[in-house]
Amino acid sequence: MTGRAEKSEGYVARTRPVVPPIYQSATFYLDDLAYKDIQQNGGLTEHWYSRFANPTVDAAAAEIALLEGAEAAMMTSSGMAAIATTLVTLLQSGRRIVAARQVYGDTRDLLVRDLPALGFDVAVVDSADLDAWAEAITPGTAIVYAETLSNPQLELTNLPVLADLAHKAGAKLVVDNTFATPYTVNPLRLGADIVVHSATKFLSGHSDVIAGVVVSDRETVTEIQRRMITFGGCLDPHAAFLVWRGLQTFDVRLERSSATALKLAQRLQDHPGVESVRYPGLAGYEGPADVLKPGRSGAMVAFTVRGGNDRALKVMRRLTIASEATSLGGVETLVSTPFNSSHFSLSPQELAAARIDEGMLRFSCGLEDAEDLISDVERALDETSAG
Ligand code: PLP
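Because the structure is a prediction, the values reported are computed rather than measured.

Trainee: Lay out the packing of helix α11 (residues 250-269) against helix α14 (residues 370-385) in plain terms, naming residues and giving numbers.
Mentor: It is at 10 Å that the axes of α11 and α14 come closest, and there the two elements cross at 30 degrees. Our classification of the angle between α11 and α14 gives roughly parallel. Seen along the crossing, α11 lies across α14 with a hand that is right-handed. Between α11 and α14, the residues in contact are T260, K263, L264, R267 and L268 and A370, E371, L373, I374, S375, V377, E378 and L381, respectively. Of the residues in the contact of α11 with α14, the class split is seven nonpolar, two polar and four charged.

Shown next as structure tokens:
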């Protein structure tokens, strides 16, 4: 047994893979260094048990920290694990969180159903109403929470103003950057303290993994990591490898799918069957200046068809290139109607208050030929207008 281990160690020492190996091991040999780390540091530095840390998972996290211009990052089992673990950790220092109304459906459920049930004080405000934010962020607030670019309305949040309000009240600004991605916005550079992502989406990029990530300074990430360890939402090494591999093409994918999104948004603006188009790169888009990186508007487009949800569903069913499926950020274009998928738990009144219009379609542009994709959408719209 010992002989085999020695031979294998010698071989590993000479082997330098270009791609990080998948350390598909729940546990690692304990030695004096590991015991020291466990005793002195809670076992956060050495690799000794994969719920605490794993080399493949660390490799994915390091890539995302670089993309967000951050000191540290930690992976979680899903985007919701990243969000919930972060919020519950920070809410120990104060019971109040002030959050945007315009957020992903399950984040909303966490905010209005689960966090209050745990005894936390949650205030929900319209993300575009800066006066409402200022009024709600009282001293003693622990967290201010928003999505950089909201799901599905594609409203850009004024991060510098929110950061200022949060910091004056002694709170931390936590931002979900899933829709915008680090290709278009780096929230930490605009004053955010913590960035969370569903790495299921653009970061991994192939619709083949569920994963999340928390990005911040080392001290904050370590604090949240301790909670992740006891809550148990760690990422599996094989899933982390898929995230790492997807990240190798992040910029090229985003460049291509964002160019398609811009063309799609521009063309849909002129279509008689379309009531409105939401895309941050369109002329006349109302939103805070200097949040987006110059010339970058992302790969998500939302548009509202005339005739409400029934017509939107008919248009969607006639598409032959975009796939009718929830989620986003993959190499294939995905389309959904938020009212019956990502935001199914909202009542018609809540959908209206969140500015999710009747007839809204959400598009995540993929890597298909832009002209093929756009003419397919135009054809589906034309055929449905014709009855
Ligand atoms: N945040 C946003 C903006 C999302 O769109 C989603 C999922 O669609 C999530 C968080 C949750 O991510 P996950 O499904 O990886 O838990």
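Trainee: I'd like a description of the sheet that holds strand β9 (residues 300-305), backed by residues and values.
Mentor: Ordered in space as β8-β9-β12-β11-β10, the five strands form an open sheet in which the pairing is mixed. Either end of the sheet is taken by a strand with one partner, and the two such strands are β8 (274-278) and β10 (323-324). Where β8 and β9 come together, four bridges link them in antiparallel fashion. Within β9, the position partnered with S276 by the bridge is T304.

Trainee: Residues and numbers for the side chain of D376, please.
Mentor: Looking at where D376 falls in the secondary structure, it is placed in helix α14. Residue class for D376 comes out buried when judged on its relative accessible area of 5%. Excluding residues that lie within four positions of it along the chain, D376 makes contacts with L319, T320, I321 and A322.

Trainee: Help me get a handle on the sheet that holds strand β4 (residues 141-147), residues and values and all.
Mentor: With respect to topology, seven strands assemble into an open sheet ordered β1-β7-β6-β5-β4-β2-β3, the strand pairing being mixed. Looking at strand neighbours, the two that pair on one side only are β1 (72-76) and β3 (121-125), the edges of this open sheet. Recorded for the sheet is a direction-independent mean angle of 20 degrees between the axes of neighbouring strands. Bridge count for strand β5 (residues 172-176) against strand β6 (residues 194-198) is three bridges, and the pairing is parallel. Bridge assignment links D176 to a residue of β6, and that residue is V196. Helix α4 (residues 79-90) contacts β1, β2 (96-100), β4, β5, β6 and β7 (212-216) of the sheet and is inclined by roughly 150 degrees relative to β6. Its contacts with the sheet put helix α9 (residues 218-231) on β1, β5, β6 and β7, and the angle it makes with β1 is roughly 20 degrees.

Trainee: Which residues make up the environment of A240, and what are the values?
Mentor: Within the secondary structure, A240 is located in helix α10 (residues 237-247). Taking the relative accessible area as the measure of exposure, A240 reaches 0% and is therefore buried. When the C-alpha positions of A240 and A59 are compared, they lie 8.0 Å apart, and in sequence the two are 181 residues distant.

Trainee: Residue-level account of the environment of G359, with values.
Mentor: With respect to the secondary-structure elements, G359 resides in the loop between α13 (348-353) and β12 (360-364). C-alpha of G359 to C-alpha of V315: the two residues are 44 residues apart in sequence and 9.9 Å apart in space. Residues contacting G359, with those up to four places away along its chain left out, are F303, T304, V305, G308, N309 and A312.

Trainee: Tell me about the pairing of β4, residues and numbers included.
Mentor: Of all the seven residues making up β4, seven are buried; the element is thus mostly covered by neighbouring parts of the structure. Examined bridge by bridge, β2 and β4 share four bridges and lie parallel to one another. Note on β4: the bridge partner recorded for A99 is Y145. Pairing of β4 with β5 involves five bridges; the strand directions are parallel. Within β5, the position partnered with I143 by the bridge is K172. Remark: the β4/helix α7 (residues 159-168)/β5 crossover connection has right-handed handedness.

Trainee: Which residues make up the pattern of salt bridges, and what values do they have?
Mentor: For side chains bearing opposite charge, pairing can occur when the charged atoms are close. The tally for this structure, following the rule as stated, stands at 15 salt bridges. The partner of E378 in a salt bridge is R267, and the shortest N-O contact between them spans 2.9 Å. Placement of E378 in helix α14 and of R267 in helix α11 is noted, with a sequence separation of 111 residues between them. Owing to a relative accessible area of 19%, E378 belongs among the buried residues under this scheme. Bridged by salt links that share partners, the residues D126, E155, R278, R355 and D357 form one connected network.

Trainee: A description of the packing of aromatic side chains should follow, citing residues and the corresponding values.
Mentor: A full pass over the atoms with the stated rule returns four aromatic pairs. Measuring from ring centre to ring centre gives 6.5 Å for W48 and Y49, while their planes differ by 50 degrees; the resulting arrangement is tilted. The exposure class assigned to Y49 is partly exposed, which follows from its relative accessible area of 34%. Geometrically, the ring pair formed by W48 and F52 is tilted, given 4.9 Å between the ring centres and 55 degrees between the ring planes. Each of the two residues, W48 as well as F52, counts as buried. Ring-pair connections join several aromatic residues into one group, and the members of that group are W48, Y49 and F52. The ring centre of Y183 lies 3.9 Å from the NZ or CZ of R296, which sits over that ring.

Conventions we followed
Every residue gets a number counted from 1 within its own chain, in the order that chain's sequence is written. Side-chain atom pairs in this predicted model are given and counted only at pLDDT of 80 or more, local residue features only at pLDDT of at least 70, and totals for whole chains, interfaces and linings cover all residues. In computing side-chain values, all of the structure's heavy atoms are included and hydrogens and water are not. In this analysis, axes come from line fits to C-alpha atoms, helices being fitted only over the stretch in contact, and the angle between any two N-to-C directions falls in the range 0 to 180 degrees. Helix and strand definitions here come from DSSP, where helices need a minimum of 4 consecutive H or I residues and strands a minimum of 2 consecutive E residues; each element is numbered from the N-terminal end. Angular relationships are summarised with four words: roughly parallel below 35 degrees, roughly antiparallel beyond 145, roughly perpendicular across 65 to 115, and oblique for the angles in between. By definition, turning the near helix anticlockwise from the far helix through less than a right angle yields a left-handed crossing, and turning it clockwise yields a right-handed one. Only heavy atoms matter for contacts: two residues are in contact if any of them lie within 4.5 Å across the pair. In this count, Pro and Cys sit with the nonpolar residues alongside Ala, Val, Leu, Ile, Met, Phe, Trp and Tyr, while Asp, Glu, Lys and Arg are called charged and the others, Gly among them, polar. When DSSP finds two or more bridges between a pair of strands, those strands are recorded as paired. The rule is simple: take the accessible area with a 1.4 Å probe, protein chains only, and divide by the maximum for that residue type; under 20% is buried, over 50% is exposed, in between is partly exposed. By convention, orient the strands away from the viewer: a clockwise path from the first strand over the helix to the second makes the crossover right-handed. Salt bridge criterion: a side-chain nitrogen from Lys or Arg within 4 Å of a carboxyl oxygen from Asp or Glu. A pair of aromatic rings is counted whenever rings of Phe, Tyr or Trp (Trp by its six-membered ring) have centres within 6.5 Å, and the orientation is called stacked for planes under 30 degrees apart, edge-to-face for over 60 and tilted otherwise. The criterion is that NZ of a Lys, or CZ of an Arg, lies within 6 Å of the ring centre and within 35 degrees of the ring normal, and then a charge sits over that ring.

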